[in-house]
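One letter stands for each residue in the lines below.
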Amino acid sequence: MNKLYIIIVPIIVIIVVGTIGGAIYLHHQSPNVKTSSITFTTNETTTSMSITTNTVPTTVTSTVSSIPQLIYVTSSASSPTPVYLNNSTVPLFYLEVNMWNAKTWNGNYTMVFNSLTRTLSVSFNLTQVNPLQWTNGYPEIYVGRKPWDTSYAGNIFPMRIGNMTPFMVSFYINLTKLDPSINFDIASDAWIVRPQIAFSPGTAPGNGDIEIMVWLFSQNLQPAGQQVGEVVIPIYINHTLVNATFQVWEMKSVPWGGWEYIAFRPDGWKVTNGYVAYEPNLFIKALTNFTSYNITNYYLTDWEFGTEWGTMTSNGTAYFSWTISNFSETLL
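No experiment lies behind these values; they were computed from the predicted model shown.

Undergrad: Help me understand the overall build of the chain in this model?
TA: In terms of regular secondary structure, the chain is built from 2 helices and 21 strands. In the chain, buried positions account for 60% of the 332 residues. Carbon together with sulfur atoms contributes 51% to the accessible area of the chain, which is approximately 12,600 Å² in total.

What follows is the structure, encoded as C-alpha cells:
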C-alpha cells in the first residue's frame, strides 16, 4: 500500500471472507496464529471469540475435517497468514496486519477471522506510533499473490490483461469506530506487473510495473501524486447499481519502489457501511487511459481489500475498528 500521502500513497466462485465489506513488504517468515478448533463433518463450524486459544503455526490438512474456527493474525510484519477452508490444499485467501511503515508503538491491535461467519474483524488502539507517517499500515485480506509473496491464494490469478476473464469483487464493510484525527481510507489494492515479475515469485515490482487502488472512503488522506482526471464507473452500493464518479490520481514513479501508482478516489460520495460490488476490469480499462505503459502483456496478480491508516495528523495515535464479510471474487 501506499504510503506516502499527503500523501505527496467466475460458473466459479471463490468466496473468501466474512462481515462488510508497498512500501517494502517482507514475506520471509511464516506467522504464528492463535486458533480455536473443533471437528466437523460437512460444514465449517463456529465458536465465540472468548474461547481460550494456543499459539500454533498455521497448517493445512487435506484429509482431516478439523479447521480453525478463529484465526488470530499476530505478526505485525508484512507476512501473510494463509486461510484454508473446506479441506482445501491451497489457501483461499491471505490475511495481513501489515504494519509496514510503523517501527514502534504502544497499545494493542486484534485481527481475527471467524471461519463460520466468514467475518474478518480488525481493531486498533495504538498510541506513540513512530514514525509519524501519512500511511503506517494496511490491515487486509486478499486473493492471489503480491509480488513479494511466493505462492498464490485462490486459483484465478494471475490474469493476463490482454485477455482477462471478467470478474466481480463483492463484500460487506462495516466501519464501527474511527478516530477523526487519524489518516485513514477504505480501499482495494492490486498489482499489474510485467511477465518477469508475475512469474518470479518473491520478486519486488519496480519501474515498469503498476499499483492500482480503488478507494471507497478517506479521511485526512489523499492518494499519492496528483489528480490527473476523473472517470465514471458503475458499481453496486447496497445492491443498487450506481454510476460512481472517481477522481484519478497518479504518481509516475513512487519514491519507495519506483513503480507507477494510480488510484481511483470517490468524488462526492463514500461508503463506510454496507454492501459493495464492482468489476475490477472496468477500473483496469480506465487505467489504460492514464498509464504510460502498454499493459496488454502485463498480469494482474491479486486483489486486496483493507484500510490504510496513518498518524501524521493524530500525534501518533491510531484508533479504529471494522469488519468485512462475504468477501468474494467471482469469475463472470
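Right, picking up where we left off after that structure.
Undergrad: I tried to follow the side chain of T291 on my own but got confused; where do I start?
TA: On the secondary structure map, T291 appears in the loop between α2 (280-287) and β18 (299-300). Using a relative accessible area of 10% as the deciding quantity, one classes T291 as buried. Side-chain polar atoms of T291 contact the side chain of E260, separated by 2.6 Å. In this structure the side chain of T291 is engaged in a polar contact, spanning 3.2 Å, whose partner is the backbone nitrogen of Y293. With sequence-adjacent residues up to four places away left out, T291 is seen in contact with I210, E250, K252, E260 and I262.

Undergrad: Which parts of the structure should I look at to understand the environment of L287?
TA: Mapped onto the fold, L287 is located in helix α2. Aside from chain neighbours lying at most four places away, what touches L287 is I192, I210, I212, I262, F264 and I295.

Undergrad: Looking at this structure, I do not really get the side chain of E250. What am I missing?
TA: Among the secondary structure elements, E250 is positioned in strand β15 (residues 240-251). Separated by 2.9 Å, the side chains of E250 and K252 make a polar contact. Ignoring sequence-local partners within four residues, the contact set of E250 consists of A224, G225, Q226, V228, E260, Y261, I262, F290 and T291.

Undergrad: Whenever I open this one, the packing of aromatic side chains confuses me. Can you help?
TA: Think of a pair of aromatic rings as described by two things: how far the centres are apart, and how the planes are tilted against each other in angle. Scanning all chains against the criterion turns up 23 aromatic pairs. With centroids separated by 5.2 Å and ring planes inclined at 90°, the aromatic side chains of F246 and W269 adopt a geometry described as edge-to-face. Taken as a pair, F246 in strand β15 and W269 in the loop between β16 (260-266) and β17 (273-278) lie far apart in primary sequence, 23 residues in all. Here F246 and W269 have matching classes, each one buried.

Undergrad: Sorry if this is basic, but what is going on with the nonpolar core here?
TA: For soluble globular proteins, nonpolar side chains are generally found buried alongside one another. Grouped together as the largest cluster of nonpolar side chains are 71 residues, with contacts concentrated most on F171, I192, F246, F264 and L300. Counting residues per element, this core draws most heavily on strand β21 (residues 318-331), which supplies 6 residues.

Undergrad: Before we go on, may I ask you to explain the confidence of the model for the chain in this structure?
TA: In low-pLDDT regions, the fine details of the predicted coordinates are not to be read closely. Residues with a pLDDT of 70 or more make up 80% of the chain, whose mean pLDDT is 84. When the criterion is pLDDT under 50, residues 2-65 qualifies, and its contacts beyond four places in sequence or with other chains add up to 247 contacts.

Undergrad: Any chance you could explain unusual backbone geometry here in plain terms?
TA: One can expect most non-glycine residues to show negative phi and most peptide bonds to be in trans. Of note, the amide linkage connecting N130 to P131 takes the cis form, showing an omega dihedral of 0°. Relative to the elements of secondary structure, P131 occurs in the loop between β8 (119-130) and β9 (140-144). The omega angle of the peptide bond from F157 to P158 is 10°, so this bond is cis rather than trans. Positive phi, normally seen in glycine, also occurs at N87, with a value near 60°. Within the secondary structure layout, N87 lies in the loop between β5 (81-83) and β6 (93-96). Look at R118: it is not a glycine, yet its phi comes out positive at around 55°. With respect to the helices and strands, R118 occurs in the loop between β7 (104-114) and β8.

Undergrad: Just checking my understanding: could you explain the environment of W100 for this structure?
TA: Positionally, W100 belongs in the loop between β6 and β7. For W100, a relative accessible area of 17% gives the class buried. Distance in space between the C-alpha atoms of W100 and P139 is 9.8 Å, their sequence separation being 39 residues.

Here is what the cut-offs are and how they apply
Residues numbered from 1 in each chain as written. Predicted model: local features only at pLDDT ≥ 70, side-chain atom pairs only at ≥ 80, totals over all residues. Heavy atoms only, no water. Helix = DSSP H or I, 4+ residues; strand = E, 2+ residues; numbered from the N terminus. Buried < 20%, exposed > 50% of the residue type's maximum accessible area, 1.4 Å probe, protein only. Areas by Shrake-Rupley, 256 points an atom, 1.4 Å probe, with all protein chains shown as cover. Polar contact = N/O pair within 3.5 Å; in protein donor to acceptor, adjacent residues only side chain to side chain. Contact = heavy atoms within 4.5 Å. Phe/Tyr/Trp six-rings, centres within 6.5 Å; stacked < 30°, edge-to-face > 60°. Core = buried A, V, L, I, M, F, W, Y, C linked by side-chain atoms within 4.5 Å. pLDDT = per-residue confidence, 0-100.

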